Amino acid sequence: VHNDEVGSARVSRELGAEFEAWWRARREAGMPLKARDEIVAMACPSLAGMYLVKLGLLLTLIGGVSHTDASSMRVRGESHLLLVGDAGTGKSALLRHAARLSPRSVLTTGIGATSAGLTCTAIREPGGEWMLEAGALVLADGGVCAIDEFDSIREHDRGAIHEAMEQQTLSVAKAGLVCKLRTKCSVFAACNPKGKGYDHDRSISVNTGLPSPLLSRFDVVLLLLDKSRAGGGRSEEHDRDVAQHILREACGEEGPPPEPDAATWPLEKMRAYVEFVRGSFRPSVTPPAQRAIVAYYSHQRQADTTSEARTTIRLLESAVRLAQAHARLMFREEVTLLDAIYVIVVLESSTLHSRLAGGSICALTSMFDETPDATYPLLRDKILDSLGIDAEGRPLRQEGGGGYPGERLGGYM
């Protein structure tokens, strides 16, 4: 359990002004996406590459904007992330880093976890009175609850997590105590595929052993699969980069010299940045971004290869939350088409074969683009063409519609 009092209200004005000046200089230089990638690269620096994974982690950590609908029901702004991958792909390290980036966090494991340990338990005091003792999800209120070996939680104990993840409350009726506890936190979970490895011919629900109602509550599901086990070819260049990175860390050697003016923030400053953008920005979604998100949702609903657990109405809500998080990460008050495009890229990483990308996607081996600002127009045009819309969200009149077989999404895939 980590509980730090540092929050957005405690970030100094000087530090906030420093963040603003840093972003102003990058925008004037015409490199906003390069600046974003510098921040993303500082997430879990012990792991080499993994661009899409680190971007998804930061978007989940920052979260969207919560609001109350017309029926006075609260719609959560906190996002949830599930990592599904082979052993040795860095899942536990990512969970630990996410917990360290949050001012309040609880790190636990699903092995031996019970519903009482995750929610709350009733205990009797020496005087005979009953009281409630908070579990992991309640203790993580306002922060992050990281659960490793998520698939090891027993089936009858998983039901207690459903309400905590979606409504972000816990309805308790124990030992004569009837109350509702708040669990306003982001859940970061990790698990391994069932059996000998991930089966391409089966859905995520079958591969993980998690029921569809629980899977649909995760905004981002990332597959971290070793290509040799996943049936694809290995990337010798990627293996060499990872090996060199690990050896440098083990031997205490310095890596390649950073680019001039590149951001090298310590952990405390990264945590302050996440808290600052969460507390300072409430981005509104522009019409082009809305149309792109709706087009992607419709595309996923009509696709034959997508999992039913990942194409419910929660997919649309997740896309909005992640787009707002990307706008916050970019230090903006508006969700633009650019934010929607990169959210689509992250969401497509939950599949082994993307119809929008026209090929396979491997989040584990995704690398940072050296010129993301120059690459973005190509990435945008490919996705919009595959969705059958233009930059304003209007349907394209050309027949056949899109698809770029065998090409990579802007160098990221």
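None of these values were measured; they are calculated from a predicted model.

**Q** What exactly am I supposed to notice about the overall build of the chain here?
**A** Counting secondary structure elements, the chain contains 16 helices and 16 strands. Taking all contacts inside the chain whose residues are at least 6 apart in sequence as the whole, residues at least 24 apart take part in 74%. Of the roughly 19100 Å² that the chain leaves accessible, carbon and sulfur atoms contribute 50%.

**Q** What exactly am I supposed to notice about the packing of helix α13 (residues 287-302) against helix α14 (residues 313-329) here?
**A** How two helices sit against one another is set out by the angle between their axes and by the gap between those axes. Running from amino to carboxyl end, α13 crosses α14 at an angle of 145°, the nearest separation of the two axes being 10 Å. For the pair α13 and α14, the sense of crossing is right-handed. Between α13, through I293, Y297 and Q300, and α14, the contact on the second element is made entirely by I313, L315, L316, A319, V320 and A323. Residues belonging to the contact of α13 with α14 are distributed by class as follows: eight nonpolar, one polar and no charged.

**Q** Which parts of the structure should I look at to understand the confidence of the model for the chain?
**A** Regions with low pLDDT carry predicted coordinates that are not meant to be interpreted in detail. Overall, the prediction assigns the chain a mean pLDDT of 84, with 84% of residues at 70 or greater. When pLDDT is averaged over each element of the chain, strand β14 (residues 334-335) comes out on top at 96 and helix α10 (residues 227-230) at the bottom at 52. When the criterion is pLDDT under 50, residues 228-233 qualifies, and its contacts beyond four places in sequence or with other chains add up to seven contacts. Note that residues 399-413 has pLDDT below 50 and, in this model, 39 contacts with residues that lie over four places away or in other chains.

**Q** Just checking my understanding: could you explain the pattern of salt bridges for this structure?
**A** Any two side chains of opposite charge can pair, so long as their charged atoms come close to each other. The final tally for this structure, using the stated rule, is 16 salt bridges. Close ionic contact of E78 with R74 constitutes a salt bridge, the shortest N to O distance being 3.3 Å. A relative accessible area of 35% places R74 in the partly exposed class. Taking the shortest distance from any N to any O, the salt bridge between R380 and D381 comes out at 3.2 Å. Given a relative accessible area of 24%, R380 falls into the partly exposed group. Linked through salt bridges whose partners overlap, the residues forming this network are R76, E166, D219, R314 and R321.

**Q** What am I meant to see in the nonpolar core here?
**A** Among the nonpolar cores identified, the biggest contains 81 residues, and I39, L58, L94, F188, Y273 and L329 are the most heavily contacted of them. A total of 10 residues in this core trace back to one element, the largest contributor, which is helix α15 (residues 337-348). If near-sequence neighbours (up to four positions away) are discounted, L94 is found in contact with C44, L47, M50, V53, L57, L83 and L224. By size, the runner-up hydrophobic cluster in this structure holds 33 residues, among which are L118, C120, L223 and A309.

**Q** What am I meant to see in the packing of aromatic side chains here?
**A** Within a pair of aromatic rings, the relevant descriptors are the distance that separates the centres and the angle that separates the planes. Inspection of every chain in the model, using the stated rule, returns 13 aromatic pairs. Ring centres of F150 and F218 lie 5.7 Å apart, and the angle between their planes is 85°; on these two criteria the pair is classed as edge-to-face. Placement of the pair is F150 in the loop between β8 (144-148) and α7 (155-166) and F218 in the loop between α9 (212-215) and β12 (220-224), with a sequence separation of 68 residues. An aromatic cluster of at least three residues, connected via ring pairs, comprises F19, W22, W23, W265, Y273, F276, F281 and F331. In this arrangement the basic side chain of R36 is found over the ring face of Y342, its NZ or CZ atom lying 4.3 Å from the centre.

**Q** Got a minute to help me understand the side chain of T119 in this structure?
**A** With respect to the element layout, T119 can be found in the loop between α5 (115-118) and β6 (120-124). For T119, a relative accessible area of 8% puts it in the buried group. Sequence-distant contacts of T119, that is, excluding residues within four places in its chain, are made with A134, G135, V138, A160 and L170.

**Q** Explanation requested: the side chain of R158 in the structure shown.
**A** By the secondary structure assignment, R158 is in helix α7. E155 is the oppositely charged side chain nearest to the buried, salt-bridge-free R158, at an N-O distance of 5.5 Å. Within the structure, the side chain of R158 is placed 3.0 Å from the backbone oxygen of D151, a separation counted as a polar contact. Dropping the residues within four chain positions of it, R158 is found in contact with D151, I153, G209, L210, P211 and L214.

**Q** Mind showing me how you'd approach the state of the cysteines here?
**A** Covalent bonding between the sulfur atoms of two cysteines defines a disulfide. In total, this model carries zero disulfides according to the counting rule given. Here C145 stays unpaired: no disulfide links it, and the sulfur of C185, its closest cysteine neighbor, is 5.5 Å away. Residue classification places C145 among the buried positions, given a relative accessible area of 0%. Of all cysteine sulfurs in the structure, the one in C120 sits closest to C179, which takes part in no disulfide; the separation is 6.5 Å.

**Q** Please explain α15 as it appears in this structure.
**A** Look at α15: 17 Å from first C-alpha to last across 12 residues, which is about the 16 Å you get at 1.5 Å a residue. Burial analysis of α15 places 12 of its 12 residues in the buried class, which makes it a mostly covered element. Buried within α15 we find L337, L338, D339, A340, I341, Y342, V343, I344, V345, V346, L347 and E348.

Calculation notes
Residues numbered from 1 in each chain as written. Predicted model: local features only at pLDDT ≥ 70, side-chain atom pairs only at ≥ 80, totals over all residues. Heavy atoms only, no water. Helix = DSSP H or I, 4+ residues; strand = E, 2+ residues; numbered from the N terminus. Contact = heavy atoms within 4.5 Å. Areas by Shrake-Rupley, 256 points an atom, 1.4 Å probe, with all protein chains shown as cover. Axes fitted to C-alpha atoms, helices over the stretch in contact; angles between N-to-C directions. Left-handed = near helix turned anticlockwise from the far one by under 90°. Nonpolar A, V, L, I, M, F, W, Y, C, P; charged D, E, K, R; others polar. pLDDT = per-residue confidence, 0-100. Salt bridge = Lys/Arg side-chain N within 4 Å of Asp/Glu carboxyl O. Buried < 20%, exposed > 50% of the residue type's maximum accessible area, 1.4 Å probe, protein only. Core = buried A, V, L, I, M, F, W, Y, C linked by side-chain atoms within 4.5 Å. Phe/Tyr/Trp six-rings, centres within 6.5 Å; stacked < 30°, edge-to-face > 60°. Lys NZ or Arg CZ within 6 Å of the ring centre and 35° of its normal. Lys, Arg positive; Asp, Glu negative; His and termini not counted. Polar contact = N/O pair within 3.5 Å; in protein donor to acceptor, adjacent residues only side chain to side chain. Disulfide = S-S within 2.5 Å. Expected span 1.5 Å × (residues − 1).

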